[in-house]
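Architecture at a glance
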Amino acid sequence: MEQTCDDIDEMFSNLLGEMDLLTQSLGVETVQPPSPKESNKEYNFTVGFKDLNESLNALEDNDLDALMADLVADLSEVEQKTLQAQKSSSHDPQSAVTRPSTGVCAATSYSYKSNVPVTTTGRFEDDLPPPPPDPAFDLPLPPPPPEPLTQEELEAQAKADKIKLALEKLKEAKVKKLVVKVHMNDNSTKSLMVDERQVARDVLDNLFEKTHCDCKVDWCLYEIYPELQIERFFEDHENVIEVLSDWTRDSENKVLFLEKKEKYAVFKNPQNFYLANKGKNEGKEMNEKNKEFLLEESFCGTSVIVPELEGALYLKEDGKKSWKRRYFLLRASGIYYVPKGKTKTSRDLACFIQFENLNIYYGTQYKLKYKAPTDYCFVLKHPQIQKESQYIRYLCCDDQWTLQQWVTGIRIAKYGKTLYDNYKRAVQRASMASGWANLVPVKPAVTAGSSLTGIYTWAFLRMMLLSLQEVIKTAVSHSI
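Residues numbered from 1 in each chain as written. Predicted model: local features only at pLDDT ≥ 70, side-chain atom pairs only at ≥ 80, totals over all residues. Heavy atoms only, no water.

Here we look at the overall build of the chain
Heads up, the rule is: Each helix is a run of H or I in the DSSP string that is no shorter than four residues. Each strand is a run of E no shorter than two, and both are numbered from the N terminus. When checking whether two residues touch, look at their non-hydrogen atoms; a contact exists if any pair is within 4.5 Å. What sets the accessible areas is the Shrake-Rupley method with a 1.4 Å probe; for residues, cover comes only from the shown protein chains.
When helices and strands are tallied, the chain shows 13 helices and 15 strands. For the chain, restricting intrachain contacts to residue pairs at least 6 apart in sequence, the fraction spanning at least 24 positions comes to 60%. Here the chain displays about 33400 Å² of accessible surface, and carbon together with sulfur accounts for 55% of that area.

Points about the pattern of salt bridges
Pairing of side chains with opposite charge becomes possible as their charged atoms draw close. Heads up, the condition is: Salt bridge, as applied in this entry: a Lys or Arg side-chain nitrogen positioned within 4 Å of an Asp or Glu carboxyl oxygen. Think of it in three bands: residues with accessible area under 20% of the maximum for their type are buried, residues over 50% are exposed, and the middle band is partly exposed, with areas taken using a 1.4 Å probe on protein chains only.
Evaluated as defined, the whole model comprises 20 salt bridges. Here Lys-268 makes a salt bridge to Asp-218, at a shortest N to O gap of 2.6 Å. Taken together, the residues Lys-268 in helix 7 (residues 265–268) and Asp-218 in the loop between helix 5 (200–211) and strand 6 (219–225) connect sequence positions 50 residues apart. Classification of Lys-268 as partly exposed rests on a relative accessible area of 29%. Through salt bridges with shared partners, a single network forms among Arg-201, Asp-205, Asp-236, Lys-263 and Arg-429.

What to know about the nonpolar core
Applied cut-off: Only buried residues count toward a nonpolar core, which is a set of Ala, Val, Leu, Ile, Met, Phe, Trp, Tyr and Cys residues joined through side-chain atoms within 4.5 Å.
Grouped together as the largest cluster of nonpolar side chains are 39 residues, with contacts concentrated most on Val-182, Leu-221, Leu-244, Phe-257 and Tyr-366. Those elements giving two or more residues to this core turn out to be strand 4 (177–183), strand 5 (189–195), helix 5, strand 6, helix 6 (240–244), strand 8 (254–259), strand 14 (377–381) and strand 15 (393–396). The greatest single-element share of this core, amounting to 5 residues, is contributed by helix 5. Once residues within four sequence positions are removed from consideration, Val-182 is found in contact with Ser-188, Thr-189, Lys-190, Leu-192, Leu-207, Val-255, Leu-256 and Phe-257. In terms of nonpolar packing, the next biggest core, distinct from the first, is built from 29 residues, Tyr-337, Leu-358, Trp-406 and Ala-413 among them.

Some words on the pairing of strand 11 (residues 334–337)
Selection criterion: In this description, strands pair whenever DSSP reports at least two bridges between them.
Pairing between strand 10 (residues 323–331) and strand 11: 4 bridges, direction antiparallel. For Leu-330, the partnering residue across the bridge sits in strand 11 and is Ile-335. Here strand 10 folds back onto strand 11 in antiparallel fashion, the turn holding 2 residues. Bridge analysis of strand 11 against strand 12 (residues 350–354) gives 4 bridges, and the strand direction is antiparallel.

Things to note about the pairing of strand 5
Judged by how many residues are buried, strand 5 sits mostly within the fold: 5 of 7 residues are covered. Relative to strand 5, strand 4 runs antiparallel, the two sharing 7 bridges. Residue pairing across strands places Leu-178 opposite Val-194, the latter belonging to strand 5. As consecutive antiparallel partners, strand 4 and strand 5 are separated by 5 residues, and within that stretch Asn-187 has a phi angle of approximately 70°, a positive value.

Side note on the packing of aromatic side chains
Basically, it comes down to this: What counts as a ring pair is set by centres within 6.5 Å for rings of Phe, Tyr and Trp (its six-membered ring), and what kind of pair is set by the plane angle: stacked under 30 degrees, edge-to-face over 60, tilted for all other angles. Here, a charge over a ring is recorded when the distance from Lys NZ or Arg CZ to the ring centre is within 6 Å and its angle to the ring normal is within 35 degrees.
Under the defined criterion, the tally for this structure stands at 20 aromatic pairs. Ring geometry for Tyr-225 against Trp-247: centres 6.1 Å apart, planes inclined by 70°, an arrangement best described as edge-to-face. Within this pair, whereas Tyr-225 is found in strand 6, its partner Trp-247 is found in the loop between helix 6 and strand 8, the two being separated by 22 residues in sequence. Judged by relative accessible area, which is 10%, Trp-247 ranks as buried. Between Phe-267 and Tyr-423, the aromatic rings sit 5.0 Å apart at their centres with planes inclined by 20°, giving stacked as the arrangement. Linking Phe-267 in helix 7 with Tyr-423 in helix 12 (residues 417–439), this pair joins segments that are 156 residues apart in sequence. Tyr-423 matches Phe-267 in its accessibility class, with the two residues each being buried. The structure contains a cluster of three or more aromatic residues connected by ring pairs, namely Tyr-264, Phe-267, Tyr-274, Phe-299, Tyr-420 and Tyr-423. Above the ring of Tyr-222, the side-chain terminus of Lys-260 is found at 4.8 Å from the ring centroid. The side chain of Arg-326 reaches across the aromatic face of Tyr-337, ending 4.8 Å from its centre.

Focus: empty space enclosed by the protein
Definition in use: For cavity detection a 1 Å grid was placed over the protein atoms alone, and a set of points counts as a cavity when a 1.4 Å probe fits there but cannot get out; an open set counts as a pocket when protein lies on both sides within 12 Å along at least five of seven lines, with lining residues being those that have an atom within 4 Å of a point. Grid points are joined across faces, edges and corners, and a volume is the space filled by probe spheres set on the points. For this classification, the nonpolar set comprises Ala, Val, Leu, Ile, Met, Phe, Trp, Tyr, Cys and Pro, the charged set comprises Asp, Glu, Lys and Arg, and every other residue, Gly included, is treated as polar.
In the structure shown here, the tally under the stated rule is 3 cavities of 30 Å³ or more. Considered as a void within the structure, the largest cavity measures approximately 90 Å³ in volume. In this structure, the largest cavity is lined by Arg-232, Phe-233, Glu-235, Asn-359, Ile-360, Tyr-361, Tyr-362, Val-407, Arg-411, Lys-414 and Tyr-415. In the lining of the largest cavity, the residues fall into 6 nonpolar, 1 polar and 4 charged. Computed from the structure, the second largest cavity encloses a volume of approximately 40 Å³. Lining the second largest cavity are Val-180, Val-182, Leu-192, Val-194, Val-203, Leu-221, Phe-234, Val-240 and Val-255. Contributions of two or more residues to the lining of the second largest cavity are made by strand 4 and strand 5.

Focus on the confidence of the model for the chain
Stated precisely, the cut-off is as follows: Confidence of the prediction at every residue is given by pLDDT, a number between 0 and 100.
Averaged over all residues, the pLDDT of the chain equals 74, while 57% of them reach at least 70. Taken together, the stretch residues 25–43 has pLDDT below 50 and engages in 8 contacts with residues farther than four places along the chain or on a different chain. Every residue in residues 440–461 is under pLDDT 50, and counting partners more than four places away or in other chains gives 2 contacts.

This is the structure we're talking about:
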């Protein structure tokens, strides 16, 4: 029996050896599959423009100067790190590498009188080629000097030189920056340079400075997908470049700067989302103190409380334009539904979808596009899906308020306390802006009596100066 087992082992080893020889003779090589995220390392540098040159032309002079300053700073930082690495490697004896010999043979000898090293090359003066002949003197006359440029042409040329230098620096620095065209309410656009470290809140602050708007908490960055007919607002903590890098190069998607009251409606009136299903009159009105208590209880405890939300929704069937009505329930981990013939108990619920790797969008005009029962639809999809796909989930509500409850509840379940922190930061930013607005003096209108107003202002300033001098004298006398 032992001999039989040994024979089987020997036969198996021989078989493996023959398979190995056969594989080598066929020249089979194992190739590693390409990483699916490899393409994300390359950026088009523009969103909403045909090319980078057009986007840089759209930038204002101060923005272009700021871009150049950032690029030069990035390059100098990289150069400093490189020099430090070279210095550290030069101090390390193990990193010393012998230099390769050049094409010209060099030898070093010493003078016996002065002991000074003298370097002589292996090529002698007799071997040098003869000097070139003198050039002919019948050369054509030089062209006349160009006419001086106008001021506008000089400014255009200066900007073109800046753009050319910016293009070279972008290629050299390999930094992740995007020139983004943001669409405004009045159909105008603003061109922004977005850095890879900036979140949506930083971009909003930049837009506040450019547009001089009121800095309310309802302002948001809003993305639109025309091909899928979906849209959503950026959450303030989202990295803008990471979101935009998922768009395809031929994408028609847009970034808008809009006011959306739905963005933080849950923090202005939390009773409408947390108490609406518990009683008819309980969630209508609530004072500010009770609102703060409800928010603290929901968002600042050991875990975030997700609104208790359940009800019948319409689900679009895969690859069809038909919709089925099912009973769904919202939980912190995802959306669940009640299978046919089952009850709403936890053991009978089936998981429909989880929120870890997806975003929620509003669907627009789905009644016409997909024959939805209503136009109050929301969509759940992975951010990298940019085309029609079987992995996109379409849901339809009976009315606008139900849609708003589900979208808000899903955002709370997905982002948790981060959503509340975003709101508090937006409120703080708005209060700071209003404080600065109150401190800005109002300029008097230019009228016939403006000179008289100037005299009154000068008299007032003189009086204030005299009063300040008296205060200083009094303080000095008391100190003595």
